[in-house]
Amino acid sequence: PLTLEEVRMLVELFYLPYHHGALAQELLEHFRWLRANSLSVGVPATAPDACGGTRWRGRAQSFRLLCERTCRLHSRLVSTAGRALLYDLHPYLWDIRNLLLAASAFVLWLGCQSITAPILLGRDAEPWARRGGLFGELQALLPVGNSCDLFYHPPPLFPSSQLYLLRPLLPLDKVGGLAWRGCSEVSQKLQAQLSHAPTLPGRLLGSFLSLSPEYTFVLEDEGGPCGYAAGALHAEGFLQQRDSSWLPAIRHKYSPDLGTGGSALGQEAVLFFHSEPLAVPQPVLRRFPSLVQLGTAPRVLDVGASRSLALCLLSALRANGSRGVFCQVSDTDRQQLSFYSKLG
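Residues numbered from 1 in each chain as written. Predicted model: local features only at pLDDT ≥ 70, side-chain atom pairs only at ≥ 80, totals over all residues. Heavy atoms only, no water.

Draft legend 1. Up close: helix α13 (residues 334-342). Along α13, the positions that sit buried rather than exposed are Gln 336, Phe 339 and Tyr 340. Down the axis of α13, the smallest arc covering the buried residues is 90 degrees, so these residues share one side. Within α13, the exposed residues directed more than 90 degrees away from the buried face are Arg 334, Ser 341 and Lys 342. The inward-facing, buried residues of α13 contact β4 (290-296) and α12 (303-319). Of the residues one or two after α13, Gly 344 is the one with positive phi, at around 85 degrees. (Buried < 20%, exposed > 50% of the residue type's maximum accessible area, 1.4 Å probe, protein only. Helix = DSSP H or I, 4+ residues; strand = E, 2+ residues; numbered from the N terminus. Arc of directions from axis to C-beta. Contact = heavy atoms within 4.5 Å.)

Next up, the structure:
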């Protein structure tokens with residue numbers, strides 16, 4: 001059963017309409033301070049203060065531990081609470097869990113040494129886009145503007161106790177390693193069929209990992225990596241660099257006949273690099289200057305985890321000045337079209 005400490009955490013998260021419990025207040029205070037003082041970390045730091053950076057990272061670690069405790073509380077409630085109590089409380093705790101997954105990864109992204117210190121935008125979202133309580137105050141601290149569709153998703157009919165970890169791509173991750181393996185469950189099958197051909201994750205994520213790794217996030221569950229979110233802050237420059245340097249290098253490495261004799265999926269993965277990418281119209285680039293791409297493994301049935309991926313990526317892009325994003329999807333790719341539609 002739930003412990004007394006876990007029950008206390010649950011009460012403090014949803015204490016009174018205009019008064020938070022100690023745990024909720026601590027979460028908000030950490031997040032506000034970390035956001036306000038984020039310019040003391042990153043490269044280059046606007047205020048290169050070693051002590052300030054150490055203090056920031058200490059509070060970031062405390063914040064992430066609080067987020068992890070809350071995510072475990074959600075998992076424990078699903079596993080142990082009676083059905084009547086669970087279905088009453090689950091929608092609220094599910095919402096908080098999803099938002100804290102994104103907030104924790106966003107804070108970790110702020111402290112990454114591979115990015116420049118971001119400039120957080122001061123423009124607030126419209127009042128109608130926010131909800132009340134702790135959820136609304138956390139929502140206001142994520143710089144996603146009026147992306148309100150991402151905040152309004154019904155909880156799953158069958159609650160899952162699955163624990164997730166969301167984090168940015170870290171310097172320890174190697175190309176061809178963790179981030180690549182987790183992008184699609186078909187990658188291992190492809191590797192067995194085509195020992196030297198690029199896998200589907202390589203096709204999907206290769207340009208982002210090479211040209212824009214600082215805006216790449218990884219979702220993990222108990223089975224390992226199970227989702228990704230990737231973005232390019234300046235899509236026009238990213239696409240030009242992809243077409244002028246990255247694609248020619250990949251085409252030289254993987255000849256068109258490499259997939260001959262393999263599966264249809266393997267041949268498609270190879271031939272993809274040798275087809276000319278469609279040009280993005282200038283009006284789209286002017287209105288939506290950033291490019292995004294997201295995906296999860298088939299085993300991720302909880303739309304909340306996908307929503308957290310999107311929230312984190314959009315927060316990172318907007319924190320560095322993006323005014324809007326677009327994604328490129330084939331009109332025949334029903335799986336991706338369905339995925340993005342479910343996110344709103």
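Draft legend 2. Local environment of the packing of aromatic side chains. Within the structure shown, the criterion is met by six aromatic pairs. Ring geometry for Phe 14 and Tyr 92: centres 6.3 Å apart, planes at 65 degrees, overall edge-to-face. Of this pair, Phe 14 sits in the loop between α1 (4-13) and α2 (22-36) while Tyr 92 sits in helix α4 (residues 83-110), and the two are 78 residues apart along the sequence. Look at Phe 31 and Phe 63: their rings are 5.2 Å apart centre to centre, the planes differ by 25 degrees, and that puts the pair in the stacked class. On the criterion of sequence distance, the pair formed by Phe 31 in helix α2 and Phe 63 in helix α3 (residues 50-80) is long-range, its members being 32 residues apart. Comparing Phe 31 with Phe 63, the two get one shared label, buried. Every member of this aromatic cluster is reached through a ring pair, and the members are Phe 106, Trp 109 and Tyr 215. (Phe/Tyr/Trp six-rings, centres within 6.5 Å; stacked < 30°, edge-to-face > 60°.)

Draft legend 3. Looking closely at the packing of α4 against helix α5 (residues 133-141). It is the contact of α4 with α5, at a shortest axis distance of 10 Å, that shows an interaxial angle of 20 degrees. Here α5 runs roughly parallel to α4, going by the angle between their axes. The hand of the α4/α5 crossing is left-handed. Taking contact as the criterion, the partners of Asp 95, Ile 96, Leu 99 and Leu 100 in α4 are, on α5, Leu 134, Phe 135, Leu 138 and Gln 139. Taken together, the residues of the contact of α4 with α5 break down into six nonpolar, one polar and one charged. (Axes fitted to C-alpha atoms, helices over the stretch in contact; angles between N-to-C directions. Parallel < 35°, antiparallel > 145°, perpendicular 65-115°, else oblique. Left-handed = near helix turned anticlockwise from the far one by under 90°. Nonpolar A, V, L, I, M, F, W, Y, C, P; charged D, E, K, R; others polar.)

Draft legend 4. Representation of the state of the cysteines within the structure. Inspection of the entire model under this criterion finds zero disulfides. Here Cys 67 is not cross-linked by a disulfide; its sulfur's nearest cysteine counterpart is in Cys 71, at 6.7 Å. Exposure remark for Cys 67: the relative accessible area of 2% places this residue in the buried category. (Disulfide = S-S within 2.5 Å.)

Draft legend 5. Expanded view of the pattern of salt bridges. Taken as a whole, this structure holds nine salt bridges when the rule is applied. The partner of Arg 97 in a salt bridge is Asp 302, and the shortest N-O contact between them spans 2.8 Å. Of this pair, Arg 97 sits in helix α4 while Asp 302 sits in the loop between β4 and α12, placing them 205 residues apart in sequence. With relative accessibility at 2%, the residue Arg 97 sits in the buried group. Owing to a relative accessible area of 7%, Asp 302 belongs among the buried residues under this scheme. Put simply, Glu 220 and Arg 167 hold a salt bridge, and the shortest N to O gap is 2.8 Å. Separated by 53 residues along the polypeptide, Glu 220 in strand β2 (residues 216-221) and Arg 167 in strand β1 (residues 165-168) bring together distant segments of the chain. Residues Glu 220 and Arg 167 agree in their burial class; the two are buried. Several salt bridges converge on common partners, so that one network encompasses Glu 5, Arg 8 and Arg 69. (Salt bridge = Lys/Arg side-chain N within 4 Å of Asp/Glu carboxyl O.)

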